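Okay, here's what each chain looks like letter by letter:
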Amino acid sequence: TQLLEQSPQFLSIQEGENLTVYCNSSSVFSSLQWYRQEPGEGPVLLVTVVTGGEVKKLKRLTFQFGDARKDSSLHITAAQPGDTGLYLCAGVRLDNFNKFYFGSGTKLNVKP
Amino acid sequence: EPEVTQTPSHQVTQMGQEVILRCVPISNHLYFYWYRQILGQKVEFLVSFYNNEISEKSEIFDDQFSVERPDGSNFTLKIRSTKLEDSAMYFCARGALGADTQYFGPGTRLTVL
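This text gives an overview of the structure that appears in the document. (Residues numbered from 1 in each chain as written. Chains lettered and ligands numbered in written order. Predicted model: local features only at pLDDT ≥ 70, side-chain atom pairs only at ≥ 80, totals over all residues. Heavy atoms only, no water.)

Things to note about the overall build of chain A
Regarding its fold elements, chain A presents zero helices and eleven strands. Element order for chain A, N to C, with α for helix and β for strand: β-β-β-β-β-β-β-β-β-β-β. In terms of overall dimensions, chain A has a C-alpha envelope of 45 × 30 × 20 Å along the principal axes. Out of the 112 residues in chain A, the part that is buried amounts to 46%. Counted over contacts in chain A with a minimum sequence separation of 6, partners at least 24 positions apart contribute 56%. For chain A, the accessible area works out to roughly 5,200 Å², and carbon and sulfur atoms hold 50% of it. Side-chain charges of chain A comprise 11 positive and 10 negative groups, with the mean position of each set lying 3 Å from the other. (Helix = DSSP H or I, 4+ residues; strand = E, 2+ residues; numbered from the N terminus. Buried < 20%, exposed > 50% of the residue type's maximum accessible area, 1.4 Å probe, protein only. Contact = heavy atoms within 4.5 Å. Areas by Shrake-Rupley, 256 points an atom, 1.4 Å probe, with all protein chains shown as cover. Lys, Arg positive; Asp, Glu negative; His and termini not counted. Charge placed at Lys NZ, Arg CZ, Asp CG, Glu CD.)

As structure tokens, this is what we get:
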């Protein structure tokens, strides 16, 4: 059983469209992180959210942490081909700061 | 500039051989992690290392695996007797103060033949 469920698993959209990726859990997290990974490379940190209800913006990317700290979302506005990649959420649980749990990822393809 | 570097970038080995994967932090940090990612699959936690001791390990991290910080800077992951299913990307990550964020290295691709 996955502790962090990401949806959708795959997303193929046209350039200019908006999209949202979800990361859900039944557990409470101290913080959640979003990463982007290119094939053959390590995950690159995009953002960390630590406060319930927190919203962070990174250019066209908006990240939200749920009020109950069990879920998070990533919204991309006006997607571009350069946004193509694997998006991963990861989290640290309140009861164990020594372990990061990863979601299975959302593979995004933005077509020109 | 990468937070950590990893060597080698690619390691090919025969089944049953020992491999040592290395992680070199750019600056001095206390929190380190090793992960693996089998091709096309999710990132899996292996072990966390804090202040030169293992703080957490997963069920994957069995007796075949060990971690060390032999010289106070390099951080190594040793697989004693590799199996075919150990073929994967292995990532080292260092933790930020407070340990709620990680920065990943570029990874080592391990191929076991």
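Here we look at the state of the cysteines
Residues and elements named next belong to chain A. Tallied over the entire structure, the rule returns two disulfides over all chains. Two residues share a disulfide in this structure: cysteine 23 and cysteine 89, whose sulfurs sit 2.0 Å from each other. The chirality of the disulfide connecting cysteine 23 with cysteine 89 is right-handed, given an S-S dihedral of about 75°. Here the residue cysteine 23 occupies a position in strand β3 (residues 19-24), and cysteine 89 occupies one in strand β9 (residues 85-93), the gap between them amounting to 66 residues. (Disulfide = S-S within 2.5 Å.)

Details of the interface of chain A and chain B
With 23 residues of chain A at the contact, the number on the chain B side is 20 residues. Taken together, both faces of the contact between chain A and chain B bury some 1,700 Å²; the carbon and sulfur share is 55%. Considering only the side of chain A, the residues that lose the most area to chain B are Asn98(A), Phe100(A) and Phe102(A), jointly responsible for 33% of the buried surface there. Where chain A packs against chain B, one counts zero salt bridges. There are three residue pairs in polar contact (both at pLDDT 80 or more) connecting chain A and chain B. Going through the elements one at a time, β4 (29-37), β5 (44-49), β9 and β10 (96-102) of chain A are the ones with two or more residues in the side of chain A that touches chain B. For the side of chain A that touches chain B, the per-class residue count stands at ten nonpolar, eleven polar and two charged. (Buried area = accessible area lost by both parts, 1.4 Å probe. Salt bridge = Lys/Arg side-chain N within 4 Å of Asp/Glu carboxyl O. Polar contact = N/O pair within 3.5 Å; in protein donor to acceptor, adjacent residues only side chain to side chain. Nonpolar A, V, L, I, M, F, W, Y, C, P; charged D, E, K, R; others polar.)

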